[in-house]
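Secondary and tertiary structure notes
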2 protein chains.
Amino acid sequence: MPRRTAADDGQPRLATIRDVAQHAGVSVATVSRILSGTYPSAPSTRAKVMRAVSELDYVANAHARGLAGVRPKSVAIVVNSVISPHYAHVAQGVQEEAAREGRLCIVGTTGGDPERELATIGLMRQEQAEAVIRVGNIVADDAYRERMASIARALARAGSQLVLCGRPPLGPDVPAIGVEYDNTAGAHAITSHLLSAGHRRILCLGRRSGYTTPDSRIAGYRAALAAHRVPHDPGLEVDGTMERGEGYRMMRERLDRGSGPRDFTAVFASNDLIAAGVRDVLRERGLRIPDDVSLVGFDDLPPAADIDLTTVHVPHEELGRIAVRLALRGETPGAAQRVLLGTHIVVRDSVRRLRGV
Amino acid sequence: MPRRTAADDGQPRLATIRDVAQHAGVSVATVSRILSGTYPSAPSTRAKVMRAVSELDYVANAHARGLAGVRPKSVAIVVNSVISPHYAHVAQGVQEEAAREGRLCIVGTTGGDPERELATIGLMRQEQAEAVIRVGNIVADDAYRERMASIARALARAGSQLVLCGRPPLGPDVPAIGVEYDNTAGAHAITSHLLSAGHRRILCLGRRSGYTTPDSRIAGYRAALAAHRVPHDPGLEVDGTMERGEGYRMMRERLDRGSGPRDFTAVFASNDLIAAGVRDVLRERGLRIPDDVSLVGFDDLPPAADIDLTTVHVPHEELGRIAVRLALRGETPGAAQRVLLGTHIVVRDSVRRLRGV
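Because the structure is predicted, anything quoted here is derived from the model rather than measured.

Considering the nonpolar core
Ranked by size, the top nonpolar core spans 137 residues in total, and within it Met251 of chain A together with Met251 of chain B carry the most contacts. At seven residues, the largest contribution of residues to this core is made by helix α12 (residues 316-329) of chain B. If we ignore the near neighbours within four places in the chain, the residues touching Met251 of chain B are Leu203, Leu205, Phe264, Val267, Val278, Val281 and Leu282 of chain B.

Right, dumping it as structure tokens:
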């Protein structure tokens, strides 16, 4: 069924909601109501409006025209994976703030592939996204800094602002905004919580040297030990990535290797997913939390509440909201800015107070 | 710091990876390695390459040009919220399949606002996304059907394929593909699981008349009761949306209102989030699962595993992967297709066998 479009008619102007209303012989409010689908309407009126929508190719041009006659602007966030609760919650904050500011929100996913990241950011730039927000854990070496600086400058030339979320800043000459949260202070606080409960041998799972997020969390763990004058035993730090399966693997290997009594009374997992994997192993072995082993995590994301995990709350949504707010403020492009959000402990039921403390 | 761009030089052709290699005096493989950031490289080589990248404005044109000299194609998925585990897992499947097919993946978020949906899909169309995938629970009334039909036709005119995921089909004359999963069979199976364990009074939480997803799940619940010749008591069906807080509210109100013994022995929550909210109330009241109350959910998403919930597994990622595969196959546009994926029970530890069964 061929339909005339505004372009076919040789009209240079794109159809607006007013054109649809006029074409259908109803009010603009009626068209708006029917398009939003949230109110009841007479079938005959709806049919008239939808016919006008089709004939004027209103939907087709919805973006170019914008619903109020103005092309809607957008903000973009680029994540490795939407399935990661941290990324999803930051993206949720971006979406909420974008909506509040009358912007569309698009999420680009890279699957962790740097070439896809470049191409995806290129797409956002072409889309004229006002802000491109990049989240997540990386190796902040020179190659990364040079790469992100190129991206920041390319975006700035197109009038788009790069925001780095949960990543270290690129330096004062790069037009990028940084929004971070305090990994080190959070890890310091939660480790101190274990130390105050009398734990001295605290297994630390999820070390990954060179990666910004685990590095800064483990720095907090070590600083807390030092502050409590507890000797640092590198043998208690275990390498692994921040996934549930890795938490399972690290804990299983540790328990399998011990022939005598356990050499730790508590576990600091560098995120909640690792903690959930640790819990899976402990349950399989009949070990109770916190009676046999105390356990803490980091992030306060699902599944922390469901497994009664004492952990560090990270303001995920707030990171996304602030990223949008800073980018849209449109302050001097090129002036590097940095915002550091606080973190705090959420006490649940996974830490046991040792006797005599 | 001003930088020359390909366009400033009056060059009509966009810089390719070969131009960057030539400009820097290195091989294409070296540029690729350095851009991907995954291999070590000499600082001097890296500096030369990054200078060439900047001077040729390679990043800026990354999308328009594409990394292999071809503009990368994309597939898009439009969701109400990325924070919903169901949407996030479907989007993950879309991302994986898009990557496998060499496509970028963008996720549009609407926050549930129909005008944002229109504008977002308009943006995807302008981006020439090959597929636009729309997921989720809706009221499938005539207004919705007409609206989606307009969108499907507008996308088809631009060479883009609409795929509806977990939504009923629009009819044979609308150029949309439908990928669904079997809500009714899943609810029938899990209700039968409770009935087989001897439960007869099964509270059903999360009814929402007119909405496709809860409607089809409750249809399965009722069909299972009928198949087991258990009388259907509408007083056991409770209205509410599919959120954790709603699960909490529905269960609390039910327990508060009962003065005598509980009028149910088991709860069928129409999704896992409701089940998690139910569990929160039961724990507060000192009621044990499954000893005091049996509980089942639907979705097999976080937090089901962590709360030991017997539930219905939905192939979320597979829905996304199949949506992409069908759309890219590029079969006769206009030919309506429909795919129905199976669901199955995952038995954990939330159902008690009643005595005498």
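As for the layout of surface pockets
In this structure, the second largest pocket encloses a volume near 460 Å³. If you trace the second largest pocket, you find 23 residues lining it, with Arg279, Arg283 and Asp308 of chain A together with Arg279 and Arg283 of chain B closest to the centre. Broken down by element, the residue count for the lining of the second largest pocket peaks at three residues, all from helix α11 (residues 272-284) of chain A. Within the lining of the second largest pocket, the residues separate by chemical class into nine nonpolar, two polar and twelve charged.

What to know about the confidence of the model for chain A
Residue and element names in this part refer to chain A. Summary statistics for chain A give a mean pLDDT of 86 and a share of 87% for residues scoring 70 or more. Note that pLDDT drops below 50 for residues 1-12; the model gives that stretch 19 contacts with residues more than four away or on any other chain. Scored below 50 in pLDDT, residues 63-69 shows 26 contacts in the model against residues more than four places distant or in partner chains.

A short note on the pairing of strand β6 (residues 202-207) of chain A
All names here are of chain A. A large share of β6 lies buried, amounting to six of its six residues. Bridge analysis of β6 against strand β8 (residues 266-269) gives four bridges, and the strand direction is parallel. Of the residues in β8, the one forming a bridge with Cys204 is Phe268. Of the strand pairs in this sheet, β6 and strand β7 (residues 237-239) are connected by three bridges, and their pairing is parallel. In the strand pairing of β7, Arg207 is matched with Asp239. Handedness of the crossover is the feature at issue here: the chain leaves β6, passes through helix α9 (residues 212-227), returns alongside β7, and the resulting connection is right-handed.

Digging into the sheet that holds strand β9 (residues 294-296) of chain A
Pairing between the strands of a sheet comes from backbone hydrogen bonds, and it takes one of two forms, parallel or antiparallel. All names here are of chain A. Read from one edge to the other, the open sheet built from four strands follows the order β7-β6-β8-β9, with strand pairing classed as parallel. Two strands bound the open sheet, and with one partner strand each, they are β7 and β9. Averaged over all pairs of adjacent strands, the angle between strand axes in this sheet comes to 20°, irrespective of strand direction. In the packing of α9 onto the sheet, the strands contacted are β6, β7 and β8, and the crossing angle to β6 comes to about 165°. Sitting on the sheet, α11 touches β6, β8 and β9, and the angle it makes with β9 is about 155°.

Overview of the sheet that holds strand β8 (residues 266-269) of chain B
All names here are of chain B. A sheet is described by the order of its strands in space; here four strands give the open sequence β7-β6-β8-β9, paired in parallel fashion. The two strands at the open ends of the sheet, each matched to only one other strand, are β7 (237-239) and β9 (294-296). Neighbour-to-neighbour, the strand axes of this sheet turn through a mean angle of 20°, independent of strand direction. Lying over the sheet, helix α8 (residues 183-196) contacts β6 (202-207), β8 and β9, oriented at roughly 170° with respect to β8.

Examining unusual backbone geometry
Pro290 of chain A follows Ile289 of chain A through a cis peptide bond whose omega is 5°. A positive phi is found at Asp299 of chain A, a non-glycine position, where the angle reads about 135°. Structurally, the position occupied by Asp299 of chain A is in the loop between β9 and β10 (311-313). When its relative accessible area of 8% is taken as the criterion, Asp299 of chain A is described as buried. One non-glycine residue, Asp300 of chain B, lies in the positive phi region at around 55°. Here Asp300 of chain B shows up in the loop between β9 and β10 (311-313).

Overview of the packing of aromatic side chains
All names here are of chain A. The tally for this structure, following the rule as stated, stands at two aromatic pairs over all chains. With a centroid separation of 6.0 Å and an interplanar angle of 20°, the aromatic rings of Tyr221 and Phe268 are classed as stacked. Taken as a pair, Tyr221 in helix α9 and Phe268 in strand β8 lie far apart in primary sequence, 47 residues in all. By relative accessible area, which is 1% here, Tyr221 ends up buried. The aromatic ring of Tyr211 is capped on one face by Arg208, whose charged end is 3.7 Å from the ring centroid.

Re the packing of helix α1 (residues 17-24) of chain B against helix α3 (residues 43-55) of chain B
Residues and elements named next belong to chain B. Relative orientation of the contacting elements α1 and α3 amounts to 125°, with a least axis distance of 8 Å. Relative to α3, the element α1 is oriented oblique. The handedness of the crossing between α1 and α3 comes out as right-handed. Together, Val20, His23 and Ala24 of α1 and Lys48, Val49, Ala52, Val53 and Glu55 of α3 make up the contact between the two elements.

Overview of the environment of Arg338 of chain A
Along the chain, Arg338 of chain A falls in strand β11 (residues 337-341). Separated by twelve residues in sequence, Arg338 of chain A and Leu326 of chain A place their C-alpha atoms 9.9 Å apart.

A word on the pattern of salt bridges
A side chain of one charge can pair with a side chain of the opposite charge when the charged atoms of the two come close. Residue and element names in this part refer to chain A. On inspection of all chains with the given rule, the structure shows 47 salt bridges over all chains. One salt bridge in this structure joins Asp256 and Arg285, with 3.0 Å as the shortest N-O distance. Of this pair, Asp256 sits in helix α10 (residues 244-257) while Arg285 sits in the loop between α11 and β9, and the two are 29 residues apart along the sequence. Looking at Arg285, the relative accessible area reads 38%, which means it is partly exposed. The structure contains a network of salt bridges with shared partners spanning Arg207, Arg222, Glu237 and Asp239.

With respect to the pairing of strand β1 (residues 74-79) of chain B
All names here are of chain B. Burial of β1 is extensive: six of the six residues sit out of reach of the surface. With burial as the criterion, each face of β1 is covered, one bearing Ser74, Ala76 and Val78 and the other bearing Val75, Ile77 and Val79. Sheet topology note: the β1/strand β2 (residues 104-109) ladder contains six bridges and is parallel. Each residue of the ladder has a partner; that of Val75, found in β2, is Cys105. On the question of chirality, the crossover connecting β1 to the parallel β2 by way of helix α5 (residues 85-100) is right-handed. Of the strand pairs in this sheet, β1 and strand β3 (residues 131-135) are connected by four bridges, and their pairing is parallel. Considered in β3, the bridge of Val78 is made with Arg134.

Rules behind the numbers
Residues numbered from 1 in each chain as written. Chains lettered and ligands numbered in written order. Predicted model: local features only at pLDDT ≥ 70, side-chain atom pairs only at ≥ 80, totals over all residues. Heavy atoms only, no water. Core = buried A, V, L, I, M, F, W, Y, C linked by side-chain atoms within 4.5 Å. Buried < 20%, exposed > 50% of the residue type's maximum accessible area, 1.4 Å probe, protein only. Helix = DSSP H or I, 4+ residues; strand = E, 2+ residues; numbered from the N terminus. Contact = heavy atoms within 4.5 Å. 1 Å grid on protein atoms, 1.4 Å probe; cavity = no way out; pocket = protein on both sides within 12 Å on 5 of 7 lines; lining within 4 Å. Points joined across faces, edges and corners; volume = space filled by probe spheres on them. Nonpolar A, V, L, I, M, F, W, Y, C, P; charged D, E, K, R; others polar. pLDDT = per-residue confidence, 0-100. Pairing = 2+ DSSP bridges. Right-handed = clockwise from strand over helix to strand, strands pointing away. Axes fitted to C-alpha atoms, helices over the stretch in contact; angles between N-to-C directions. Phe/Tyr/Trp six-rings, centres within 6.5 Å; stacked < 30°, edge-to-face > 60°. Lys NZ or Arg CZ within 6 Å of the ring centre and 35° of its normal. Parallel < 35°, antiparallel > 145°, perpendicular 65-115°, else oblique. Left-handed = near helix turned anticlockwise from the far one by under 90°. Salt bridge = Lys/Arg side-chain N within 4 Å of Asp/Glu carboxyl O.

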